[in-house]
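A structural walkthrough
What follows is each chain in one-letter form.
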Amino acid sequence: MLHVADGNLHAYLDGELRSLDAVEHARVEAHLAECDDCRARFDAAARVRDRARFILSGAGPAHVDVPPFEQVAAGVSIKRAWWSDYTRLRTVAWAASVVLALAVGWQARELWLRSVERETFIDESGAPVPRTGAEQEEQQPERLAIPPGIHVPPAEDAGAASTGTVAADRAARQSPPPRPTAGAAPRRQEIAAELSEEAAAKGAGAAGPQREDVVAEGAQVRAREEAARVAAAPAVIMEAAPPPAAAAPAQPPAVPAPAFVAAGERKAELAEEEAVALAKPAEKTAWAPVERREAERRLGAPLVTVEGLPVFSIELSAASREPVARVTQRLASGGLLELVQERAPTPTAVVETPAVKQAEGAAARRLAVEAHRTEAAGARELDASFTTGTARLLLRRDGSLITATAPLPLDSLRALLKAAQ
Amino acid sequence: MSLDWAEVYRSTFLDLVRFLHRKVWDADRAQELAQEAFVRALSQTGRRPDNPRAWLFRVAANLAKDEARLVIRRKKHLALLKVEAETEPAVEPELLQTDERAAREEAVRQALAQLGERDREALLLWDAGLSYREIAEHTGLALGAIGTTLARARARLVEAYSALEAKHAARG
């Protein structure tokens with residue numbers, strides 16, 4: 001005969017067993033009728049339960065004033081009203097916060113845009129806009145005295161020495177065009193779109209009347225096309241430079257030319273050169289994949305790569321006459337390291353090569369200027385910059401110029417290149 | 001069918017106050033918290049609890065927990081002040097209980113303190129009139145375990161209280 005467990009005995013005692021388990025309730029009832037031990041346990045459990053209840057009754061409020069329900073309900077309505085006010089206030093506060101955040105964001109965007117534009121602009125007095133730190137370092141080549149034999153085209157004549165022209169020259173000198181990082185690409189698209197609009201507006205409004213040459217108009221048209229093309233393929237533009245030739249003619253001759261610009265010479269010829277330089281970046285993006293051996297053969301030097309990083313691609317520039325190789329390696333972070341390598345004879349010799357004389361040479365000229373400047377000091381690192389999360393280093397190594405670009409901090413890229421072979 | 005909160009209030013308020021009293025050990029505070037539980041219940045627009053009584057006890061238990069935390073913080077703060085002021089050692093609370101009812105309440109409090117938390121909770125809920133099913137829902141215990149839990153809790157309470165009584169009698 002199975003006796004009743006304590007739990008069921010108390011559940012039976014409390015009148016809960018029937019609702020929990022009717023079968024067990026019936027069994028306990030039958031068992032208690034015939035089992036004296038269990039009946040004694042049942043009585044003991046009842047005494048314990050009653051004693052417990054008695055003990056607990058000693059710990060309770062002696063007297064409770066039960067407030068009328070209406071009073072409690074009134075308290076609720078007051079609380080609801082307060083809550084409603086609070087909720088409304090909170091909603092307004094949220095809306096205000098969002099508006100404020102948007103306003104701050106917009107202001108920050110404007111400031112950032114201005115700072116980007118200032119990188120390529122000259123102030124009204126004709127003096128270069130002051131820069132600090134690394135920016136100054138980056139800009140130095142343009143302000144340095146030009147080594148003899150290096151031909152730098154004047155930005156424009158005095159009448160058209162607009163900021164846009166300088167910017168155009170700068171944009172054209174970006175060589176090789178770095179691949180945009182994921183974060184930078186949308187921004188560049190946006191800038192390119194703005195530039196395109198600006199170019200179109202300025203071009204339509206004041207095209208040509210102050211320019212004497214026909215070629216300049218051609219340059220303007222090409223520049224507009226260039227801006228539109230950049231909007232479609234933003235990888236080419238590295239910085240926010242206003243569309244150069246398009247902006248140039250519209251500017252009144254209020255701003256004197258920068259110090260290094262030889263003003264007022266061979267306008268048509270320069271305009272043509274400039275126009276060609278502008279058209280060039282589109283071609284420079286053409287890279288043809290090749291075998292490493294072939295690349296090294298064309299380059300006449302071993303390809304520089306960072307050991308331990310998988311090589312993503314090896315390409316040769318299809319547009320450049322001089323062999324320019326590009327090696328892309330995948331970083332551990334998933335980003336791409338780009339090493340653009342080209343032969344670099346002595347700076348003077350670079351200037352003399354036909355490649356430099358052609359429009360694309362704008363970039364090579366800049367490198368040559370930098371090489372000339374820093375090689376004298378025996379430095380191997382020629383230039384370093386860090387913009388929009390992308391570090392760029394220009395190195396001279398074993399007779400080669402190497403431009404390394406990667407979405408890394410500058411120091412990391414530098415350390416990485418030490419391991420390059 | 002709309003819920004008649006007035007009826008729930010009438011049938012539950014006293015039980016709720018008693019339940020809360022054994023949690024916060026302060027009659028006025030227990031009453032305030034019971035009212036607060038109802039205020040919260042009535043503020044729940046668009047939400048109708050399946051078991052209003054059980055829901056109220058759950059809210060009340062949470063309020064009591066918050067209250068206990070507050071009391072602990074206050075005690076800590078007072079303890080710090082006491083150390084800073086270097087006052088005389090505190091008088092044992094039980095010695096402050098002058099009348100018989102207060103002494104009895106203190107004994108119950110001490111006896112309940114000897115129970116496990118779940119046993120104590122189940123016992124107080126049962127004493128407040130909740131069914132086994134409601135107690136299970138409230139405590140998270142299995143329905144079949146409530147009888148056993150209550151059996152153990154009752155026996156432990158009686159035993160602890162009797163021991164305290166004997167101790168008190170021995171002191172004279």
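Chains are numbered independently. Their residues run from 1 in the order of the written sequence. A letter from A marks each chain and a number from 1 marks each ligand, given out in the order of writing. In view of the model being predicted, local features appear only for residues whose pLDDT reaches at least 70, and side-chain atom pairs are presented and counted only at 80 or more, with totals across whole chains, interfaces and linings using the full set of residues. As a convention, hydrogens and water are excluded, and side-chain values are obtained from all of the structure's heavy atoms.

1. Observations concerning the packing of aromatic side chains
Stacked, tilted and edge-to-face are the three classes assigned to paired rings of Phe, Tyr and Trp, where Trp is represented by its six-membered ring and a pair needs centres within 6.5 Å; plane angles under 30 degrees give stacked, over 60 edge-to-face, the rest tilted. Summed over all chains, the structure comprises 6 aromatic pairs over all chains. With centroids separated by 4.8 Å and ring planes inclined at 75°, the aromatic side chains of Tyr-9 of chain B and Phe-38 of chain B adopt a geometry described as edge-to-face. Of this pair, Tyr-9 of chain B sits in helix H1 (residues 5-24) while Phe-38 of chain B sits in helix H2 (residues 27-43), and the two are 29 residues apart along the sequence. Of the residues examined, Tyr-9 of chain B reaches a relative accessible area of 2% and is grouped as buried. Since its relative accessible area comes to 0%, Phe-38 of chain B is described here as buried. Taken together, Phe-69 of chain A together with Tyr-9, Phe-13 and Phe-38 of chain B form an aromatic cluster joined through their ring pairs. Placement of a charge over a ring requires the Lys NZ or Arg CZ to be within 6 Å of the ring centre, with the centre-to-atom vector within 35 degrees of the ring normal. Lying across the ring of Trp-106 of chain A, Arg-109 of chain A places its NZ or CZ 4.6 Å from the centre. Here the basic side chain of Arg-154 of chain B rests over the ring of Trp-126 of chain B, its NZ or CZ set 4.0 Å away from the ring centre. Helical segments are the DSSP runs of H or I of at least four residues, strand segments are the runs of E of at least two, and each set is numbered from the N terminus. Categorising residues by exposure relies on relative accessible area from a 1.4 Å probe, with only protein chains included: less than 20% of the type maximum marks a residue as buried, more than 50% marks it as exposed, and the intermediate range marks it as partly exposed.

2. A look at helix H7 (residues 132-139) of chain B
Residue and element names in this part refer to chain B. Across the 8 residues of H7, 6 count as buried, placing the element largely inside the fold. Where H7 is concerned, the buried positions are Tyr-132, Glu-134, Ile-135, Ala-136, His-138 and Thr-139. Immediately beyond the C-terminal end of H7, within one or two residues, lies Gly-140, with a positive phi of roughly 85°.

3. Quick look at helix H1 (residues 6-13) of chain A
In an α-helix, one turn spans 3.6 residues; hence positions three or four apart end up facing the same way. Taking burial as the measure, the 8 residues of H1 of chain A include 6 buried ones, the bulk of the element. Three or more residues of H1 of chain A are buried, namely Gly-7, Leu-9, His-10, Ala-11, Tyr-12 and Leu-13 of chain A. Buried residues belonging to H1 of chain A abut helix H2 (17-20), helix H3 (22-34) and helix H4 (36-57) of chain A together with H7 and helix H8 (146-171) of chain B. The positive-phi residue at the C-terminal boundary of H1 of chain A is Gly-15 of chain A, with phi of around 75°. Contacts are assigned to residue pairs that have any heavy atoms within 4.5 Å of one another.

4. Details of the packing of helix H5 (residues 100-113) of chain B against H8 of chain B
All names here are of chain B. Every axis in this analysis is a line fitted to C-alpha atoms, fitted for helices over the stretch in contact. Angles between the N-to-C directions lie between 0 and 180 degrees. H8 packs onto H5 with a crossing angle of 130° between their chain directions and a minimal axis gap of 9 Å. Put simply, H5 runs oblique to H8. Handedness of the H5/H8 crossing: right-handed. Only Leu-157, Ala-160, Tyr-161 and Leu-164 of H8 make contact with H5, whose side of the interface consists of Arg-104, Ala-107, Val-108, Gln-110, Ala-111 and Leu-112. Any angle that is under 35 degrees is reported as roughly parallel, and any over 145 degrees as roughly antiparallel; angles of 65 to 115 degrees are reported as roughly perpendicular and all others as oblique. Each crossing is labelled by how the near helix is turned from the far one, with a counterclockwise turn of less than a right angle marking it left-handed and a clockwise turn marking it right-handed.

5. Some details on the layout of surface pockets
All names here are of chain B. Considered as a void within the structure, the largest pocket measures approximately 1000 Å³ in volume. Two kinds of site are reported from a 1 Å grid over the protein atoms alone, namely cavities, where a 1.4 Å probe fits but cannot get out, and pockets, open sets with protein on both sides within 12 Å along at least five of seven lines, and residues are called lining when an atom falls within 4 Å of a point. Along its surface, the largest pocket is lined by 30 residues, and Lys-23, Val-24, Trp-25, Ala-64 and Ala-68 are the ones closest to its centre. Of all the elements in the fold, those that place two or more residues in the lining of the largest pocket are H1, helix H3 (52-85), H5, helix H6 (117-127) and H7. Boundaries of every domain are those given by an automatic assignment or by a domain database. Of the domains in this structure, domain 1 (1-90) and domain 2 (91-172) are the two that each give at least three residues to the lining of the largest pocket. Grid points are joined across faces, edges and corners, and a volume is the space filled by probe spheres set on the points.

6. Quick word on the confidence of the model for chain A
Residues and elements named next belong to chain A. How sure the predictor is of each residue is captured by pLDDT, a score from 0 to 100. Mean pLDDT over chain A stands at 68; residues scoring 70 or higher make up 49%. Of all helices and strands in chain A, the one with the weakest mean pLDDT is helix H10 (residues 244-250) (43), whereas H4 scores best (93). Low pLDDT (under 50) marks residues 131-147, which in the prediction has 28 contacts with non-local residues, meaning those over four places away or in another chain. Contacts for the low-pLDDT stretch residues 203-216, under 50 throughout, to residues beyond four places or in other chains number 26 contacts.

7. A short note on the packing of H3 of chain A against H4 of chain A
Residues and elements named next belong to chain A. Here H3 crosses H4 at 110°, and the two axes come no closer than 6 Å. Here H4 runs roughly perpendicular to H3, going by the angle between their axes. Note on element contacts: H4 touches H3 through Asp-36, Cys-38, Arg-39 and Phe-42, opposite His-31, Leu-32, Ala-33 and Glu-34.

8. Description of the environment of Gln-329 of chain A
Residue and element names in this part refer to chain A. Assignment of secondary structure puts Gln-329 in strand S3 (residues 324-330). Since its relative accessible area comes to 0%, Gln-329 is described here as buried. Taking the C-alpha atoms as reference points, Gln-329 and Val-306, separated by 23 residues in sequence, lie 7.9 Å from one another. Excluding residues that lie within four positions of it along the chain, Gln-329 makes contacts with Thr-305, Val-306, Leu-309, Pro-310, Val-311, Phe-312, Gly-335, Leu-336, Leu-337 and Leu-339. The definition of a polar contact used here is a pair of N or O atoms within 3.5 Å, where within protein one atom must be able to donate a hydrogen and the other to accept one, and adjacent residues in sequence count solely through side-chain atom pairs. A polar contact is formed between the side chain of Gln-329 and the backbone oxygen of Val-306, at a distance of 2.8 Å. For Gln-329, the side chain forms a polar contact with the main-chain oxygen of Leu-309, separated by 2.9 Å.

9. As for the pairing of strand S4 (residues 336-343) of chain A
Residue and element names in this part refer to chain A. Counting buried positions along S4 gives 6 out of 8 residues, so the element sits mostly inside the fold. Here a strand pair is declared whenever DSSP counts at least two bridges between the two strands. Pairing geometry for S3 and S4, over 7 bridges, is antiparallel. Residue Val-327 lies in a different strand from S4, and its bridge partner there is Leu-339. Hairpin remark: S3 followed by S4, antiparallel, with 5 residues in the connecting loop; positive phi at Gly-334, about 100°.

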